[in-house]
Amino acid sequence: MEWSRFHRHKWDQATTFAWKNFSSAPVRRMFSFVTVLGRAALPEDKLKELTELTQEMKSSYSAAKICRYDPTRRRLDNGDYDYNADNDLDNDIGCIPTLSLEPHLVQLMATSRDPEELRYVWRAWRDAAGRPLRGKYTRFVELSNEAARLNGFEDAGDFWRSDYETDDFEDIIDGLWAELRPLYEQLHAYVRRKLIEKYGDTIVPPRGPIPAHLLGNMWAQTWTHILDLTVPYPGRPSVDVTNTLRRQGYSPFDMFRLSESFFISLGLEPMPSTFWQKSLLIKPTDRDVICHASAWDFCNGIDYRIKQCTQITMEDMITAHHEMGHIQYDLQYRNQPFIFRDGANPAFHEAVGDVLALSAATPSHLQEINLLANVDESFENDINFLFSMALDKIAFLPFGYLVDKWRWEVFSGEISESQYNSRWWDLRVNYQGVSAPLLRDEDDFDPGAKFHIPANVPYVRYFVSFIVQFQFHAELCKAAGHSGPLHRCNIYRSAEAGRLLRNVLSLGKSRPWPEALSVLTSGRTNQLEAGPILEYFEPLMSWLESQNKDEFIGWQENEAIVLGVVSSNASVRPFSAVIAALKSPSRRAS
Ligand SMILES: C[C@H](N[C@H](C(=O)O)[C@@H]1CCCN1C(=O)[C@@H](N)CC(=O)O)C(=O)N1CCC[C@H]1C(=O)O
Ligand SMILES: [Zn+2]
């Protein structure tokens, strides 16, 4: 008997979703994951195109290099750097792009205090890394959305958010950001004041967004490298132990051993021997590699590796902890069924290493491992330490939030190709209070100058991690028997903290993450909460509010100071800040 389409459809329905009626919850959970094929759901030719596009974007980003800053180069009549001189690179002798992001541009953005040089590096990197991706990104979005829809999702953003297994995820993170924004604004106002003292108010607007190139980082995502310009009580032992690491002759290998020793002190797993044999911890000189630090699980219970072009800096020591946290999580759930060998949600995976670093970075721990001398727990030292932690953990929050806010809007079609760059800067000004130091237009593609966009790695996981890691820290500190302020807690050598952490991490993705949170908090909560991070920074918040009492808190978009040459073909969006700047007397003739 020829089955009617109707009967065939009903059979397909019944068999395709039969697993939804299985009695075993874990088996139902397994099927719910294994039936999501991801981009493999695409037809062969489109899957090939998408894979090639991703590879092209990652290689382009990782090979991008720029020329050295040349202060003697032709200047404009008002003395400003003539960016258009870059355009005749080919016949501009001596300009061979030799500087790569790691380590050169990371170092320059962290250490240069010349606004001109910073602005040159900031722009040249975006010309080299972001612009070339613009044309590929739209096709990439189309194919990503097609794959998502074949898996039953609205678009790629909907697919990514499904990792959090809740349908009000955007409301949850909006709520968390609303709770944390006041602290961010206090930090922003204080840092802006300090940058005005350093660079003057013709470069840094007292009531406007902070120009992005002055914050010590290529994306202004963390501000730890301008601690020297902003530290509340100067002249005290610096919690940035970079110089001590170098003086004591630390190698990259030593830094990873130091991180491993912290995990072992909690009773967690040492790195397998293959890790030390097969990881790449130093930038090779014979070939281009993707230097952006990463951790890899080769899914055989033996082979786990980190790739990091490690520099001897405190930042890279913290990153080493971050990457090793991924490996530790991989090791903790390696006995789970394959489909459950993942983080309870992506933010948990990002939080593991950072939780240990919260203890490892404390002055008392740094003193215990001889990286810091004569630490006294005075009020001023406390504030200096909390301030340096805020330059990392609080400064990061709006950036961690806006990268996927932009991407979700691109995937959903709210942002069309003609708005890629202006919407990016709208979000950067509105959420981060950071502005482009010079004119941007729709030939630029500034989001593409951040690794995770060409690498197609979701980003909101870091925003959530920076919050949930303080929930972890608070609970592990309780387990370790810590008393006193949360920011002074160090769980080093606590078997109790290690046991609790192991109980959470060994679950992998076998249970919904609220259940993992419930294990962590002994049933006190199963939700993401801003309480612990606000508790940790409470002493700093009060101090900042007293310091900022005469300060303008927040920023007005039209106060932005944007230098720029309105290039002939620029389809510059009527960015009110830009118009204000173009009218301002200091602007030079284009
Ligand atoms: C330096 C860190 N590199 C990522 C990470 O470790 O998360 C790398 C690249 C993208 C994914 N990834 C992995 O290693 C994954 N394979 C890990 C896993 O999923 O197991 C990174 O990008 N960070 C850290 C703080 C904020 C952010 C940034 O630097 O902007
Ligand atoms: Zn990570």
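Please refer to the structure higher up on the page.
About the cut-offs
- Note that residues are indexed from 1 along each chain, following the sequence as it is written.
- Written order determines the labels here, with chains lettered from A and ligands numbered from 1.
- Selection of residues for local features in this predicted model requires a pLDDT of at least 70, selection of side-chain atom pairs for listing and counting requires 80 or more, and totals for whole chains, interfaces and linings are taken over all residues.
- Side-chain descriptors were evaluated using all non-hydrogen atoms of the structure, hydrogens and water having been removed beforehand.
- A run of H or I in DSSP counts as a helix once it spans at least four residues, and a run of E counts as a strand once it spans at least two, with each numbered from the N terminus.
- The quantity called the radius of gyration is restricted to C-alpha atoms. Its globule counterpart is 2.2 Å times the number of residues to the power 0.38.
- Think of it in three bands: with a 1.4 Å probe and only protein chains considered, a residue is buried below 20% of the maximum accessible area for its type, exposed above 50%, and partly exposed in between.
- We call two residues in contact when some of their heavy atoms are within 4.5 Å.
- Note on areas: these come from Shrake-Rupley sampling with a 1.4 Å probe, and a residue is covered only by the protein chains present in the view.
- By the counting rule applied here, Lys and Arg register as positive and Asp and Glu as negative, while His and the ends of each chain are not counted.
- Where a charge lies is defined by one atom per residue type, namely NZ (Lys), CZ (Arg), CG (Asp) and CD (Glu).
- Any N, O or S atom lying within 2.8 Å of the metal counts as a donor, and for Na, K and Ca the limit rises to 3.2 Å; water is left out, so some sites can look incomplete.
- In this description, strands pair whenever DSSP reports at least two bridges between them.
- Put simply, a residue is near a molecule or strand once any heavy atom of it comes within 4 Å of that molecule or strand.
- We call two N or O atoms a polar contact when they sit within 3.5 Å, provided that within protein one can donate a hydrogen and the other can accept it, with sequence-adjacent residues counted only if both atoms are side-chain atoms.
- In this classification, the charged set is Asp, Glu, Lys and Arg, the nonpolar set is Ala, Val, Leu, Ile, Met, Phe, Trp, Tyr, Cys and Pro, and all remaining amino acids, among them Gly, are polar.
- Patch definition: residues with relative accessible area over 30% and no salt bridge; like charges joined within 9 Å; nonpolar side chains (Val, Leu, Ile, Met, Phe, Trp, Tyr) joined within 5 Å.
- Each salt bridge in this description consists of a side-chain nitrogen of Lys or Arg and a carboxyl oxygen of Asp or Glu lying within 4 Å of one another.
- To estimate the expected span of a helix, subtract one from its residue number and multiply by 1.5 Å.
- Note that a disulfide, as used here, is simply two cysteine sulfur atoms within 2.5 Å.
- For every element, the axis is a line fit to its C-alpha atoms; helices are fit only across the contacting stretch, and the angle between N-to-C directions ranges from 0 to 180 degrees.
- Note on convention: near helix rotated counterclockwise from far helix by under a right angle means a left-handed crossing. Clockwise means right-handed.

Asker: Quick one: what's the story with the overall build of the protein chain, residue by residue and with numbers?
Answerer: For the protein chain, the count of helices and strands is 24 helices and six strands. For the protein chain, the C-alpha radius of gyration of 25 Å lies close to 25 Å, the compact-globule estimate for 590 residues. Projecting the C-alpha coordinates of the protein chain onto the three principal axes gives extents of approximately 85 × 70 × 50 Å. Within the protein chain, buried positions represent 55% of all 590 residues. Once local pairs closer than 6 in sequence are excluded, the contacts in the protein chain between residues at least 24 apart make up 77%. A total accessible area of about 24700 Å² is found for the protein chain, and carbon and sulfur atoms account for 52% of it. Each charge class in the protein chain can be summarised by its mean position, and for the 63 positive and 79 negative side chains these summaries are 2 Å apart.

Asker: How would you sum up the coordination of the zinc ion (ligand 2)? Please name residues and give values.
Answerer: Only His322 (NE2), His326 (NE2) and Glu350 (OE) from the protein reach the zinc ion (ligand 2) as donors, at distances of 1.9 to 2.0 Å. Each donor residue of the zinc ion (ligand 2) lies on the same chain, and together they follow the pattern H-x3-H-x23-E. Here Glu350 lies in helix H15 (residues 346-360) and His326 lies in helix H14 (residues 314-332), a separation of 24 residues in the sequence.

Asker: So what's going on with the pairing of strand S4 (residues 294-297)? Which residues, and what values?
Answerer: In this sheet, strand S5 (residues 304-307) lies alongside S4 in antiparallel orientation, the contact comprising four bridges. Paired with Asp297 across the two strands is Tyr304, which belongs to S5. Turn length for the S4-S5 hairpin, with the two strands adjacent in sequence and antiparallel, is six residues, and the turn residue Cys299 shows positive phi of about 60°.

Asker: Could you give an account of the site of ligand 1, naming the residues involved and the relevant values?
Answerer: As a matter of local geometry, ligand 1 sits amid 16 residues, with His292, Ala293, Lys450, Tyr459 and Tyr462 nearest to it. A distance of 2.7 Å separates a nitrogen atom of ligand 1 from a polar backbone atom of Ala293. Lys450 has a polar side-chain atom sitting 2.8 Å from an oxygen atom of ligand 1. Among the elements of the structure, S4, H14 and H15 are those that each provide at least two residues to the shell around ligand 1. Broken down by element, the shell around ligand 1 gets its largest block of residues, three residues, from H14. Its residues placed into classes, the shell around ligand 1 shows six nonpolar, seven polar and three charged.

Asker: Help me get a handle on a nonpolar patch on the surface, residues and values and all.
Answerer: A grouping of Phe22, Val27, Phe31 and Val34 is seen on the molecular surface, where their side chains present a nonpolar patch of about 290 Å² in accessible area. Within the fold, Phe22 resides in the loop between helix H1 (5-16) and helix H2 (25-34).

Asker: Talk me through helix H12 (residues 252-265); I want residue IDs and the actual numbers.
Answerer: The terminal C-alpha atoms of H12, which comprises 14 residues, lie 20 Å apart, in line with the 20 Å expected from a rise of 1.5 Å per residue. Lining the buried residues of H12 we find helix H11 (242-247), helix H13 (273-278), S5, H14, H15 and helix H16 (363-368). Just beyond H12, the residue with positive phi is Gly267, at close to 85°.

Asker: Lay out the state of the cysteines in plain terms, naming residues and giving numbers.
Answerer: According to the stated counting rule, one finds two disulfides in the structure shown. A sulfur-sulfur separation of 1.9 Å characterises the disulfide bridge that pairs Cys291 with Cys309. Handedness of the Cys291-Cys309 disulfide follows from its S-S torsion of about -90°: it is left-handed. Taken as a pair, Cys291 in the loop between H13 and S4 and Cys309 in the loop between S5 and H14 lie far apart in primary sequence, 18 residues in all. For the residue pair Cys291 and Cys309, the accessibility class agrees, reading buried in each case. Through a disulfide, Cys477 is tied to Cys489; the S-S separation comes to 2.0 Å. Taking the torsion about the S-S bond as the criterion, the Cys477 to Cys489 disulfide, at about -100°, is left-handed. Of this pair, Cys477 sits in helix H20 (residues 460-479) while Cys489 sits in the loop between H20 and helix H21 (495-505), placing them 12 residues apart in sequence.

Asker: How would you sum up the pattern of salt bridges? Please name residues and give values.
Answerer: Per the stated rule, a full pass over the model turns up 37 salt bridges. One salt bridge in this structure joins Arg511 and Glu515, with 2.8 Å as the shortest N-O distance. Residue class for Arg511 comes out partly exposed when judged on its relative accessible area of 33%. You can call Glu515 partly exposed: its relative accessible area is 35%.

Asker: Describe the packing of helix H9 (residues 169-199) against helix H18 (residues 397-412), naming the residues involved and giving the relevant values.
Answerer: Relative orientation of the contacting elements H9 and H18 amounts to 145°, with a least axis distance of 10 Å. Considering the relative orientation of H9 and H18, their crossing is left-handed. Contact residues: Phe169, Glu170, Ile173, Asp174, Trp177, Leu180 and Tyr184 in H9; Leu397, Pro398, Tyr401, Lys405 and Trp408 in H18. Counted by class, the contact of H9 with H18 contains nine nonpolar, no polar and three charged residues.

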